[in-house]
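# Structural description and commentary
In case you want the letters, here they are:
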Amino acid sequence: MNPESPKGVVVDDKKINISNGDVNGTVVKLDDQLGAEFSDVEMKKIISEKKEDCSLNSVEVNKIGESNAKEVNHQIQSNGTNCYNNYMPAIKAQAHFPKPQPPPQPQPELERSQSVSPAESMPSIGKYIKDRSTTLSAAIIKRLSSLTEDGEDFVVKNDSLNLEVTEIKIPGVKVIVKLKSEDERFDLKGRITFFSRSNCRDCTAVRKFFREKRLPYVEINIDVFPKRAKELVERTGKSEVPQIFFNEKLLGGLVTLNSLRNSGELDKRMRELLSQKCPDGAPKVPVYGFDDDEDEEEEEEEKDELLGIVKLLRQSLPIQDRLIKMKIVKNCFAGDDMLEVIIHHLDCGRKKGIETGRQLAQKHFIKHVFGENDFEEGRHFYRFLEHEPFITACFNFRISVNDSEPKSPSFLADKLARLMTAILESYASDDRHHVDYYRIGKSEEFRRYLNLTRDLQRVDLQLLSPDDLLAFFLNLYNAMAIHAVITIGHPEGILDRRAFFGDFQYVIGGYPYSLSVIQNGILRNNRKSPYSLVRPFGNGDRRLKFAPAKVNPLIHFGLCNGTRSSPTVRFFTAQGVEGELRGAAREYFQNGAIEINLDKRTVSLTRIIKWFSVDFGQEKDVLRWVMNYLDTTRAGLLTHLLSDGGPIHFVYQDYDWAGNL
């Protein structure tokens, strides 16, 4: 099950790698005397000591000797399809190759003044290329047939490796086929399963090992599937992860895996336990949309105690468009009308009715049309959250508002971080520079994340501490960016960027939040975005209370917008958000966000610093600040530039808006 050695096609001493699951180490070389243009040729030939059988489209070599079980199956596709693990890139004919002549075809005589258009000549060009490819295929197959008759093939044995190598020589073409070892031909019929958690180093090591060995596995992250934690304890007697299973048999954790690997016993155990089809008693594979019935719908989501009143109000109140303060306000109702319905329904006094109205507003069931108050007695106008103009543009809104009792904001923040971390661990590269958005969009983890976003509609963010809010909005930005890429794609032009950063919104705690609002309105404390003349929030906007008192410039290195030049995507914890931001900045600057040329006295900086210069200060102040996040060599160069009193030239790097795919 080890990764196969590189294969290649050598043309003019240039090697092109190919991958083939059955052939290990195939090299094909075309000498100068062969002129050909071909792409994707598939050959199969059966060669035995007593019988030869050749066909134009396939060649399969099968030599029966002492092992009586060694098989060579070398495939090079000729039908133009790009088959996974059987793909050879097209090789164009070299100019100096002699070109074989096509069969003579009767051509209509043309007068000297008559010309043939390019469109008319295309069929003959295509036929000429096809004839050349056919000529090459026929020549190779003919030569292979003659070799079996002449006995020119030979076998080299290496008993120490238990391998056979067959070499076949053809003028202009050299084919070397190396049979796979017995270990490499091991057929994995069972299933590898391991239980994990998000942000677990041992789980990361297990995952990396399986990936490097190209072993298929099923991961059950109990942060994503909390109901499976009970199964983990029942099967292992402990709650620690990782726990690895070969079919239904418990192998153990990372220590056991390393011990078996170092002792050379791992392959033996795999043969013993995985050579049979996975039985029903093994841990079940999570199924998209059905596993644990969405954890019993989160224990049958608790109903809001005010839901009965809300349903009555939706049915009883006269909801209509009105002209208020010279503006047309749609789908609104008068506060006095709502108060009368509440008093009549609860059979209570006006004071109790007003208090109930304020509770409805605090739970984001209703909103003042101009945001002037929560709920007050008098001729004020309100509307339900589902009637707000922005609501249908929010990507976490589905037809109706989530009326269940809002969950704790700290619980939702923690679950959001764990879900998205699990997504990155499964569908991003180890360094997080490359994200597989397509697979994320099809995953069960992402489906559960989308369900979680509905719980954010009426969450009370006022219950979060400053560090909780910082981590929450950093994580929300990065999660929304992934959702936006999956839904509307990477931003390419200026209009795309406006839609990406400004129009892609969630409703959070009764208010709309876009990527731009989170970055500039919340995290930057209502500062203008680059090239904008207005601030995100107007005076009195209630979202301002969630902005930090002081802008932390490190936030720019914790936000990933899905482009190549942005910082790598990550998710933060409320307990360690400051240290994690410093680590993110250190990684970003050490990966090319600053370049120093001592001879030219030039410092090249990421364009992020230019765009948000108001957050970083003057350019020389920026250099002193950046020095805290550089390695010793670059910090020394920067210190030298700053200390000698000479001029320093600043340049800013181009920003690559291509996706981090």
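Residues numbered from 1 in each chain as written. Predicted model: local features only at pLDDT ≥ 70, side-chain atom pairs only at ≥ 80, totals over all residues. Heavy atoms only, no water.

### Considerations on the overall build of the chain
A count of helical and extended segments in the chain gives 20 helices and 21 strands. Counting all 661 residues of the chain, 46% fall into the buried class. Counting only contacts in the chain whose residues sit at least 6 apart along the sequence, the fraction spanning at least 24 positions is 67%. Per element, the accessible surface of the chain, about 34,700 Å² overall, is 50% carbon and sulfur. (Helix = DSSP H or I, 4+ residues; strand = E, 2+ residues; numbered from the N terminus. Buried < 20%, exposed > 50% of the residue type's maximum accessible area, 1.4 Å probe, protein only. Contact = heavy atoms within 4.5 Å. Areas by Shrake-Rupley, 256 points an atom, 1.4 Å probe, with all protein chains shown as cover.)

### Concerning the packing of aromatic side chains
According to the stated counting rule, one finds 25 aromatic pairs in the structure shown. Judged by centre distance (5.6 Å) and plane angle (40 degrees), the ring pair of phenylalanine 557 and tyrosine 588 falls under tilted. Note that phenylalanine 557 is positioned in the loop between helix 15 (515–523) and helix 16 (577–593) and tyrosine 588 in helix 16, a separation of 31 residues in sequence. Tyrosine 588 shares its class with phenylalanine 557; the two are buried. One aromatic cluster is present, formed by Phe557, Tyr588, Phe589, Phe616, Trp625 and Tyr629 through successive ring pairs. We note arginine 235 situated over the ring of phenylalanine 245; from NZ or CZ to the ring centre the distance is 5.9 Å. Looking at arginine 497, its charged tip hangs above the ring of tryptophan 657, at a distance of 4.1 Å from the centre. (Phe/Tyr/Trp six-rings, centres within 6.5 Å; stacked < 30°, edge-to-face > 60°. Lys NZ or Arg CZ within 6 Å of the ring centre and 35° of its normal.)

### A word on helix 16
Taken as a whole, helix 16 has its buried residues at Val577, Leu581, Ala584, Ala585, Tyr588, Phe589 and Ala593. Down the axis of helix 16, the sector holding all buried residues measures 125 degrees, keeping them to one side. Along its buried surface, helix 16 packs onto helix 13 (466–488), strand 19 (594–597), strand 20 (602–605), helix 17 (607–611), helix 19 (619–626) and helix 20 (632–643). (Arc of directions from axis to C-beta.)

### Quick notes on the nonpolar core
Leu461, Phe473, Leu476, Tyr513 and Phe589 are the most contacted members of the largest nonpolar core, which totals 113 residues. Top contributing element to this core by residue count: helix 13, with 13 residues. Excluding anything up to four places from it in sequence, leucine 476 contacts Leu416, Leu456, Tyr506, Ile508 and Ile518. (Core = buried A, V, L, I, M, F, W, Y, C linked by side-chain atoms within 4.5 Å.)

### Brief notes about the packing of helix 10 (residues 409–427) against helix 13
Relative orientation of the contacting elements helix 10 and helix 13 amounts to 45 degrees, with a least axis distance of 10 Å. If you check the angle between helix 10 and helix 13, you find them oblique. The element helix 10 and its partner helix 13 pack so that their crossing is left-handed. Contacts from Ala413, Leu416, Ala417, Met420 and Leu424 in helix 10 reach Phe472, Asn475, Leu476, Ala479 and Ile482 in helix 13. Class assignment for the residues of the contact of helix 10 with helix 13 results in 9 nonpolar, 1 polar and no charged. (Axes fitted to C-alpha atoms, helices over the stretch in contact; angles between N-to-C directions. Parallel < 35°, antiparallel > 145°, perpendicular 65-115°, else oblique. Left-handed = near helix turned anticlockwise from the far one by under 90°. Nonpolar A, V, L, I, M, F, W, Y, C, P; charged D, E, K, R; others polar.)

### Here's the deal with unusual backbone geometry
For the peptide bond that leads from valine 241 to proline 242, omega is 0 degrees, which places it in the cis range. Positionally, proline 242 belongs in the loop between helix 3 (228–236) and strand 11 (243–246). The phi torsion at arginine 432 lies on the positive side, around 65 degrees, for a residue other than glycine. For arginine 432, the position within the fold is in the loop between helix 10 and helix 11 (437–441). Of note, the phi angle at arginine 601 is positive, near 55 degrees, even though the residue is not glycine. Here arginine 601 is to be found in the loop between strand 19 and strand 20. According to the relative accessible area criterion, arginine 601 is buried, its value standing at 17%.

### Digging into the environment of arginine 527
Residue placement: arginine 527 occurs in the loop between helix 15 and helix 16. Considering only alpha carbons, one finds arginine 527 and aspartate 615, 88 residues apart in sequence, at a separation of 9.3 Å. Apart from residues no more than four positions distant in its own chain, arginine 527 is found in contact with Asn520, Arg535, Pro536, Val551, Val614 and Asp615. One polar contact links arginine 527 to aspartate 615, side chain to side chain, over a distance of 2.5 Å. (Polar contact = N/O pair within 3.5 Å; in protein donor to acceptor, adjacent residues only side chain to side chain.)

### Concerning the state of the cysteines
One pass over the structure, following the stated rule, counts 0 disulfides. This cysteine, cysteine 200, is not joined by any disulfide, and cysteine 203 carries the nearest cysteine sulfur, 3.0 Å off. (Disulfide = S-S within 2.5 Å.)

### A short note on the pairing of strand 10 (residues 218–221)
A two-sided burial pattern is seen for strand 10, the buried positions comprising Val218 and Ile220 on one face and Glu219 and Asn221 on the other. When strand 9 (residues 192–196) meets strand 10, the two strands line up parallel, connected through 4 bridges. Note that in strand 10 the partner of threonine 193 across the bridge is valine 218. (Pairing = 2+ DSSP bridges.)

### Observations regarding the pairing of strand 17 (residues 505–508)
Burial of strand 17 is two-sided: the residues Gln505 and Val507 facing one way and the residues Tyr506 and Ile508 facing the other way are all buried. As defined by bridge partners, strand 17 adjoins strand 18 (residues 511–514) across 4 bridges and the pair is classed as antiparallel. Each bridged residue has a counterpart across the sheet, and for valine 507 the counterpart in strand 18 is proline 512. Joining the antiparallel neighbours strand 17 and strand 18 is a turn of 2 residues, in which glycine 509 adopts a positive phi near 55 degrees.

### Examining the sheet that holds strand 10
The sheet built from 4 strands is open, its strands ordered 10-9-11-12 with mixed pairing. Where the open sheet ends on each side, the last strands, each with one partner, are strand 10 and strand 12 (249–252). On average, adjacent strands in this sheet sit at an angle of 25 degrees to one another, irrespective of strand direction.

### Section: helix 20
Under the 1.5 Å per step criterion, the end-to-end length of helix 20 is 16 Å for 12 residues, consistent within 8% with the ideal 16 Å. For helix 20, the full list of buried residues reads Arg634, Ala635, Leu638, Leu641 and Leu642. One face of helix 20 carries all of its buried residues, which in axial projection span an arc of 125 degrees. In this structure, helix 20 carries Thr632, Thr633 and Ser643 as exposed residues pointing more than 90 degrees from its buried face. Packing partners of the buried residues in helix 20 comprise helix 16, strand 19, strand 20 and helix 19. At the N-terminal end of helix 20, a side-chain oxygen is found 3.2 Å from the backbone nitrogen of threonine 633, two or three residues along, and the residue is aspartate 631. (Expected span 1.5 Å × (residues − 1).)

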